[in-house]
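Working through the structure, step by step
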Amino acid sequence: LHHQAEQTCRQLVRTQEEHERLLQAAVEQAEGLEHNLRSAEALLAERAAQLKDTQAQLSRNKLLIKDLREENRGFAVALQAAELKQKSTEEKNQLLEEQASALKQLIGKITPASLSG
């Protein structure tokens, strides 16, 4: 009976040691998982901050694009007005050239007549 009690006691000690090893392995595994989780959380927080910065930059870019489009529209209107003014000036210049030519012809006709008369 004493021998059987010793065997049972040794078996219980081995079982307890095995349970302690398993518990230690589980604790180490849990610590590793916790470390991995903290690393993943930090990485996600960093990515979230990057995305937030990117989103803010996109918003600023959209506003800049909107401003540039409005400015381009203003330039297009100004260019159209300048082109119309240039066309009008060219037409007036052509008219003045025609009038100058007509005056030269008239002066050419008047001058010989006044010299001979």
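What counts and what doesn't
- Residues numbered from 1 in each chain as written.
- Predicted model: local features only at pLDDT ≥ 70, side-chain atom pairs only at ≥ 80, totals over all residues.
- Heavy atoms only, no water.
- Helix = DSSP H or I, 4+ residues; strand = E, 2+ residues; numbered from the N terminus.
- Rg over C-alpha atoms; globule rule 2.2 N^0.38 Å.
- Buried < 20%, exposed > 50% of the residue type's maximum accessible area, 1.4 Å probe, protein only.
- Areas by Shrake-Rupley, 256 points an atom, 1.4 Å probe, with all protein chains shown as cover.
- Lys, Arg positive; Asp, Glu negative; His and termini not counted.
- Charge placed at Lys NZ, Arg CZ, Asp CG, Glu CD.
- Salt bridge = Lys/Arg side-chain N within 4 Å of Asp/Glu carboxyl O.
- UniProt positions renumbered as here; feature names shortened; annotations may be inferred.
- Patch = residues over 30% accessible without salt bridge, like charges linked within 9 Å, V, L, I, M, F, W, Y side chains within 5 Å.

Glancing now at the overall build of the protein. When helices and strands are counted, the protein shows one helix and zero strands. Relative to the 2.2 N^0.38 estimate, which gives 13 Å for 117 residues, the radius of gyration of the protein is 49 Å and therefore markedly larger than a compact globule would have. Taking all 117 residues of the protein together, the buried fraction comes to 0%. In the structure as shown, the protein presents an accessible area of about 10,900 Å², 60% of it carried by carbon and sulfur atoms. Here the protein holds 16 positive side-chain charges and 18 negative ones, and the gap between their average locations is 12 Å.

Looking now at the pattern of salt bridges. Under the defined criterion, the tally for this structure stands at two salt bridges. Between arginine 21 and glutamate 18 there is a salt bridge whose closest N-O contact spans 2.6 Å. In this pair, arginine 21 and glutamate 18 both sit in helix 1 (residues 2-116), three residues apart, roughly one turn of the helix. The closest approach of N and O atoms between glutamate 34 and arginine 38, which form a salt bridge, is 2.8 Å. In this pair, glutamate 34 and arginine 38 are both assigned in helix 1, four residues apart and thus about one turn of the helix distant. Judged by its relative accessible area of 45%, arginine 38 falls in the partly exposed class.

Let's shift gears to the UniProt feature "coiled-coil region" (unreviewed entry) in the protein. What UniProt calls "coiled-coil region" (unreviewed entry) maps, in this numbering, to residues 5-106. Helix and strand shares over residues 5-106 are 100% and 0% respectively, and the end C-alpha atoms of the span are 147 Å apart.

Among the surface-exposed residues, Leu103, Leu106, Ile107 and Ile110 lie close enough to one another that they form a single nonpolar patch of about 390 Å² accessible area. As for its placement among the helices and strands, leucine 103 is situated in helix 1.

Take the environment of leucine 96 next. Here leucine 96 shows up in helix 1. Taking C-alpha positions, leucine 96 is 107 Å from leucine 22, a pair spaced 74 residues apart along the chain.

So, on to the environment of alanine 78. Considering the arrangement of structural elements, one finds alanine 78 in helix 1. Residue alanine 78 is classed as partly exposed on the basis of its relative accessible area of 42%. Separated by 26 residues in sequence, alanine 78 and lysine 104 place their C-alpha atoms 38 Å apart.

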